[in-house]
Amino acid sequence: MPRHEFQPGRLLAGLVLTTAGLLYLLDAAGEVDTPWFLVVPMAMGGLALASLVGMVTYAVRRDRRDRPDDDAVRRDRIRESRDQ
């Protein structure tokens with residue numbers, strides 16, 4: 001399986017929706033009395049938080065990608081000092 005980058009926003013969204021599904025499953029089985037007005041805001045809030053985490057992750061990765069490579073900058077400085 002090829003490696004892929006870690007995406008915390010998708011992980012959080014999956015955990016929140018899995019939790020909401022488990023709450024509805026427990027409610028259907030009669031184990032817990034879960035009102036809909038508890039699960040729906042939890043799912044919407046979790047999805048909003050997951051989108052925020054995804055945007056922050058994207059911004060951090062974009063910033064790191066746009067920065068020059070530290071090793072390349074160091075090599076250029078060494079070459080410039082040797083040329084003088």
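Keep in mind that this is a model prediction, so the values were computed, not measured.

Definitions and cut-offs
Residues numbered from 1 in each chain as written. Predicted model: local features only at pLDDT ≥ 70, side-chain atom pairs only at ≥ 80, totals over all residues. Heavy atoms only, no water. Salt bridge = Lys/Arg side-chain N within 4 Å of Asp/Glu carboxyl O. Helix = DSSP H or I, 4+ residues; strand = E, 2+ residues; numbered from the N terminus. Buried < 20%, exposed > 50% of the residue type's maximum accessible area, 1.4 Å probe, protein only. Contact = heavy atoms within 4.5 Å. Patch = residues over 30% accessible without salt bridge, like charges linked within 9 Å, V, L, I, M, F, W, Y side chains within 5 Å. Areas by Shrake-Rupley, 256 points an atom, 1.4 Å probe, with all protein chains shown as cover.

J.: Explain the pattern of salt bridges to me, please; I cannot follow it from the model alone.
T.: Pairing between side chains becomes possible if they bear opposite charge and their charged atoms approach one another. Under the definition given, this model contains 1 salt bridge. Across the pair Arg61 and Glu5 runs a salt bridge whose closest N-O atoms are separated by 3.4 Å. Residue Arg61 is located in helix 2 (residues 36-66), and its partner Glu5 is located in the segment before helix 1 (8-29); the two are separated by 56 residues in the primary sequence. Here Arg61 falls in the partly exposed class, since its relative accessible area comes to 29%.

J.: I'm lost on the side chain of Thr34 in this one. Help?
T.: Looking at the element boundaries, Thr34 is found in the loop between helix 1 and helix 2. Residues in contact with Thr34, not counting those within four places in the same chain, are Leu23, Asp27 and Val39.

J.: Can you help me understand the environment of Ala50 in this one?
T.: Relative to the helices and strands, Ala50 resides in helix 2. Note on Ala50: relative accessible area 6%, which makes it buried. Taking the C-alpha atoms as reference points, Ala50 and Leu11, separated by 39 residues in sequence, lie 8.1 Å from one another. Each residue touching Ala50, except ones within four places of it in the same chain, is listed here: Gly9, Leu12 and Ala13.

J.: Just checking my understanding: could you explain a nonpolar patch on the surface for this structure?
T.: Taken together, the side chains of Leu17, Tyr24, Trp36, Phe37, Val40, Met44 and Leu47 present a nonpolar region at the surface, about 720 Å² in accessible area. Every element with two or more residues in the nonpolar patch is listed here: helix 1 and helix 2. With 5 residues, the single largest contributor to the nonpolar patch is helix 2. In this structure, Trp36 sits in helix 2.

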